[in-house]
Amino acid sequence: MSTYSTLSDHELVHLLQNGDKDAFAEIYARFFGLLYVHAYRKLGDEDEASDLIQELFASLWEKQPSLRVSENLSSYLYTSVRNRVLNLIERRKVNQRYMCSLADYSETDHKYADEKLRESELRQMIEKEINSLPEQMRIIFQMSRHEYLSYKEIGERLEMSEQAVKSVMKRTLKVLRQRLGLFVFLMIFFHLV
């Protein structure tokens with residue numbers, strides 16, 4: 001690998017595109033520290049900066065056969081870091097707004113329109129997760145929560161045993177709890193949304 005340290009960025013990219021692991025290792029060694037410092041300055045969090053750079057390099061390796069670096073490698077990597085930082089900051093803002101809205105909701109009375117908007121957004125998020133479930137899970141969940149059918153009734157309709165329906169529903173609730181978080185999951189479970 002020591003000979004790789006003398007190669008230009010352009011040569012390393014070419015080797016990387018052909019699946020050369022040593023070229024990837026050299027790019028990683030050459031740029032990780034600089035990119036980490038750049039990300040840390042923008043994010044102010046060591047773990048987030050490190051995770052972001054690790055994800056960038058993982059992505060770089062995954063798309064190495066189709067990698068197109070039209071500019072120089074450092075520009076490509078810095079642009080990738082900038083975009084990832086901006087995406088992370090935007091996600092932070094969304095999370096911050098959501099957390100603030102929850103805090104505000106618990107502290108003060110909100111206007112009816114604002115409450116309906118948040119409820120609508122929450123419903124959309126929940127529906128999106130439900131719709132992304134595997135077909136059998138989705139159907140059983142909807143029959144249980146929207147049609148208010150018992151496991152026995154669902155089993156009869158789908159020609160499954162009551163125990164099989166119960167088992168699928170248990171897995172479905174576990175998946176939704178992981179995807180949506182405990183607060184939203186409890187809202188679904190108790191039909192608050």
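Residues numbered from 1 in each chain as written. Predicted model: local features only at pLDDT ≥ 70, side-chain atom pairs only at ≥ 80, totals over all residues. Heavy atoms only, no water.

K.L.:
Give me the pattern of salt bridges: which residues, what numbers.
P.N.:
Tallying each qualifying case throughout the model produces 3 salt bridges. Between Arg30 and Asp9 there is a salt bridge whose closest N-O contact spans 2.6 Å. Note that Arg30 is positioned in helix α2 (residues 21–43) and Asp9 in helix α1 (residues 9–17), a separation of 21 residues in sequence. A relative accessible area of 24% means that Arg30 is categorised as partly exposed. For Asp9, a relative accessible area of 22% puts it in the partly exposed group. Here Arg157 ties to Glu147 by a salt bridge, and the two come within 2.7 Å at their closest N and O atoms. Of this pair, Arg157 sits in helix α7 (residues 151–158) while Glu147 sits in the loop between α6 (135–145) and α7, placing them 10 residues apart in sequence. For Arg157, a relative accessible area of 52% corresponds to the exposed category. Here Glu147 falls in the partly exposed class, since its relative accessible area comes to 41%. (Salt bridge = Lys/Arg side-chain N within 4 Å of Asp/Glu carboxyl O. Helix = DSSP H or I, 4+ residues; strand = E, 2+ residues; numbered from the N terminus. Buried < 20%, exposed > 50% of the residue type's maximum accessible area, 1.4 Å probe, protein only.)

K.L.:
Can you tell me about α2, naming the residues and giving the values?
P.N.:
For α2, the principal kink sits at Phe31 and spans about 45°. Among all positions of α2, only Ala23, Phe24, Glu26, Ile27, Phe31, Phe32, Leu35, Ala39 and Leu43 are buried. Capping the start of α2, Asp20 holds a side-chain oxygen 2.9 Å from the backbone nitrogen of Asp22, two or three residues further along. Remark: Gly44 follows α2 within two positions and exhibits a positive phi of approximately 70°. (Bend = angle between axes of the 7 residues up to and from the residue. Polar contact = N/O pair within 3.5 Å; in protein donor to acceptor, adjacent residues only side chain to side chain.)

K.L.:
Tell me about unusual backbone geometry, residues and numbers included.
P.N.:
Negative phi values dominate among residues other than glycine, just as trans dominates among peptide bonds. The phi dihedral of Tyr148 is positive, around 55°, even though this residue is not glycine. With respect to the helices, strands and loops of the structure, Tyr148 is situated in the loop between α6 and α7. Positive phi values are uncommon outside glycine, yet Glu159 reaches one of about 55°. Within the element layout of this structure, Glu159 appears in the loop between α7 and α8 (162–180).

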